[in-house]
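Take a look at the letters that make up each chain.
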Amino acid sequence: MNRTTLSLLAGTAALAAVTGFATLSSPQAATTAGTAAELPVERTSLLCPEPSTSEVAETSYTSFTPVTKNTGDDGKAELKAAAEESDGQNQSQSKNKNKARSKGKKKPAKPVLTPKEPGTPVTGDTSGGDAPALVGTAEGKFAPGWTVQETTEVAAGAGRGLQGVNCSAPDTEFWFPGASTAADRTDYVHLTNPDDSAAVVDIELYGKDGTLDSSLGEGITVAPHSSDPILLSTLTEEKQEDLTVHVNVRSGRVGAAVQALDDKLGGDWLAASTDPSGSLVLPGIPKDATAVRLVAYTPSDSDADLKVRLASPSGLITPAGNETLHVKGGMTTAVDLGDVTRGEAGSLVLTPTDDSVPVVAALRVVRGKGADQETAFIPATRPVGTRATVADNSAKGNTLSLTAPTRTATVKVTASAGSEGGEAVSKTFTIKAGTTQNVEAPTPAGLKGTFALTVEHVSGGPVYGARTLAATEDGVPGFTIQTLPDDRGMVAVPQADEDLSVLQK
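What counts and how
- Residues numbered from 1 in each chain as written.
- Predicted model: local features only at pLDDT ≥ 70, side-chain atom pairs only at ≥ 80, totals over all residues.
- Heavy atoms only, no water.
- Core = buried A, V, L, I, M, F, W, Y, C linked by side-chain atoms within 4.5 Å.
- Buried < 20%, exposed > 50% of the residue type's maximum accessible area, 1.4 Å probe, protein only.
- Helix = DSSP H or I, 4+ residues; strand = E, 2+ residues; numbered from the N terminus.
- Salt bridge = Lys/Arg side-chain N within 4 Å of Asp/Glu carboxyl O.
- Pairing = 2+ DSSP bridges.
- Axes fitted to C-alpha atoms, helices over the stretch in contact; angles between N-to-C directions.
- Patch = residues over 30% accessible without salt bridge, like charges linked within 9 Å, V, L, I, M, F, W, Y side chains within 5 Å.
- Areas by Shrake-Rupley, 256 points an atom, 1.4 Å probe, with all protein chains shown as cover.
- Lys, Arg positive; Asp, Glu negative; His and termini not counted.
- Charge placed at Lys NZ, Arg CZ, Asp CG, Glu CD.
- Contact = heavy atoms within 4.5 Å.
- Phe/Tyr/Trp six-rings, centres within 6.5 Å; stacked < 30°, edge-to-face > 60°.
- Lys NZ or Arg CZ within 6 Å of the ring centre and 35° of its normal.
- Disulfide = S-S within 2.5 Å.

Caption draft 1: Quick look at the nonpolar core. The biggest cluster of nonpolar side chains holds 29 residues, and the ones touching the most others in it are L282, I285, L294, L325, L348, L350 and L363. Counting residues per element, this core draws most heavily on strand β20 (residues 304-312), which supplies 4 residues. Formed by 26 residues, the second largest nonpolar core is a distinct cluster that contains A199, I203, V247 and V258.

This is how it looks when you write it as structure tokens:
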């Protein structure tokens, strides 16, 4: 091995630690590099969408980094306001401008969250409809597992209730099954560009009969350090209850999330589904859900036939009347599952009945009855992996749901110190194969403020998780659900077998 090869290995390891996306791609690479080692990510980015245009909106932000070994003593994390919306063709598709924008004024560069130490959450809040999208970076000891939760309470109007979203990392492709252009829905795709150069994005819509004709979603330019909410109904004249939105970035990268606002059923954020896969898990359906709707789409030319099962506290069961789901290639399919959980914790598990065809999926979940109903979404998600993190928990009103669809697994759940005081506490749980459990997550000793939860995989099969926040206002059961995929705190990097550079001198 010559010095050039060793330099390339060192460069690969450094890049992996910064981005968190390096992998070993072949057996030959593994042989050359030796055993892959996990290192803490050294730098990461998160993007928070504009929370609301409602003047009665109250938004809180919680920033948290779990304590991670071998990170060093230096680093920082900061969230700051993105610039105003991009100029140009997007303006006719975006939300109505608020007064500050119409006068040409910039949004205030707040809130800015600057954590002091890993292990302790930091919170900030804002009110009204002028809050901007936020762009954040974390470096050094603050980067591994950095998580930011945006939670908004809207007292009245379309989308009233509790809306929550985990601020997401920038990427180049997103799938959102469960969006809509129905008459009672107002859905926006929020695009946020964190970089110094413009991003060019295509938005494609797929309904029950396939692609919806629209040229307005092509070549959307998102200016540097800016955010654009694109109203779906401006991209097509078709009114469809169930849509799949595909965000494809031609150049650059963006953060993306769908804000779904319903005139009667409240609203919430729809986070992106995990990448198309033959098998999917949608965890954490509330046990008191009164209506559950499954929306699925396959980008394949082939049809997908899926076995539908519910992971309950006692094991996997098949919902009566919904044993399988047929998804036509290139078309969005939806089915009502009713009150599928029957008063128990549950997660949906989708597996192929025959040949595996890649699929994306999400659930629309309704709680309450009559005029007192509220909506949230559960996208198919990745497993907890090494560790998952979720912020903005309180002593009451949050539920942690964990499922092990294939094999029994053990996890360690840690409640962090509180944002205003308290000490971290951990508990270990065993989740039996094929079951879902709403576990009694620990609460920090002497808690003051809010806290974060981390879920670490200890042994056994893969575990999937979700956290529900609930806050009933005036009889309306406001709630929001965030899934718990791996928090990207660690990355596998190739390691050289030995340093042979001295032989090249």
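So much for the structure itself; the text now carries on.
Caption draft 2: Main features of the pattern of salt bridges. Using the criterion set out here, one finds 11 salt bridges in the structure. Residues D209 and K208 are paired through a salt bridge, measuring 3.1 Å at the closest nitrogen-oxygen approach. A salt bridge links R293 to D336; the nearest nitrogen and oxygen atoms lie 2.8 Å apart. Placement of the pair is R293 in strand β19 (residues 291-297) and D336 in strand β23 (residues 332-338), with a sequence separation of 43 residues. Salt bridges here are not isolated pairs; linked through shared partners, they connect E241, D242, R293 and D336.

Caption draft 3: Focus on the sheet that holds strand β36 (residues 476-483). With antiparallel pairing, the 4 strands of this open sheet are ordered in space as β32-β28-β35-β36. In this open sheet, the two strands that pair with only one neighbour each are β32 (435-439) and β36. Between one strand axis and the next, the sheet turns by 25° as a mean value, whatever way the strands run. Judged from the 8 bridges that link them, strand β35 (residues 464-473) and β36 form a sheet pairing that is antiparallel. Bridging across to β36, A470 finds its partner in F479.

Caption draft 4: Inspection of the pairing of β19 at higher detail. Of all 7 residues that make up β19, 6 are buried, and the element is covered over most of its length. In the sheet, β19 pairs with strand β25 (residues 360-369) via 7 bridges, with the strands oriented antiparallel. Pairing of L294 across the sheet is with L363, part of β25. Pairing geometry for β19 and β23, over 6 bridges, is antiparallel. Residue pairing in the sheet places V292 in a bridge with G338 of β23.

Caption draft 5: Examining a negative patch on the surface more closely. Taken together, the side chains of E58, D125, E153, E473 and D474 make up a negatively charged region of the molecular surface. Checked against the element boundaries, D474 lands in the loop between β35 and β36. Exposure remark for D474: the relative accessible area of 79% places this residue in the exposed category.

Caption draft 6: A look at the side chain of T62. By the element assignment, T62 lies in strand β3 (residues 57-64). With residues up to four places along the chain from it excluded, the contact list for T62 reads L113, P121, V122, T123, T147, V148, Q149, A391, D392 and T450.

Caption draft 7: Examining the packing of aromatic side chains more closely. Counted according to the given criterion, the structure contains 3 aromatic pairs. Taken together, the ring pairs in this structure connect W175, Y206 and Y297 into an aromatic cluster. Here R367 stacks its cationic end above the ring of F479, 5.0 Å away from the centre of that ring.

Caption draft 8: Region of the structure containing the state of the cysteines. Tallying each qualifying case throughout the model produces 1 disulfide. Residue C48 pairs covalently with C167 via a disulfide, S to S 2.0 Å. Because the sign of the S-S torsion sets the handedness, a value of about 110° for the bond joining C48 and C167 places this disulfide among the right-handed ones. Of this pair, C48 sits in strand β2 (residues 43-48) while C167 is found in the loop between β8 (161-166) and β9 (173-179), placing the two residues 119 residues apart along the sequence. For C167, a relative accessible area of 7% gives the class buried.

Caption draft 9: Local environment of the sheet that holds β19. Judged by pairing direction, the sheet is antiparallel, and its 4 strands sit side by side in the order β23-β19-β25-β26 without closing on themselves. In this open sheet, the two strands that pair with only one neighbour each are β23 and β26 (372-379). Averaged over all pairs of adjacent strands, the angle between their axes in this sheet comes to 20°, without regard to strand direction.

Caption draft 10: How the structure looks around the environment of S416. For S416, the position within the fold is in the loop between β29 (409-415) and β30 (421-423). In sequence terms S416 and V67 are 349 residues apart; their C-alpha atoms lie 9.4 Å from each other. Once you skip the residues sitting within four places of it in the chain, S416 turns out to touch F64, G119, P121, E423, A424, P444, F451 and A452.

Caption draft 11: A look at unusual backbone geometry. One non-glycine residue with positive phi stands out, namely R342, at about 55°. Within the element layout of this structure, R342 appears in the loop between β23 and β24 (346-352). The phi dihedral of R488 falls on the positive side, at around 60°, and the residue is not glycine. Along the chain, the position of R488 falls in the loop between β36 and β37 (490-493).

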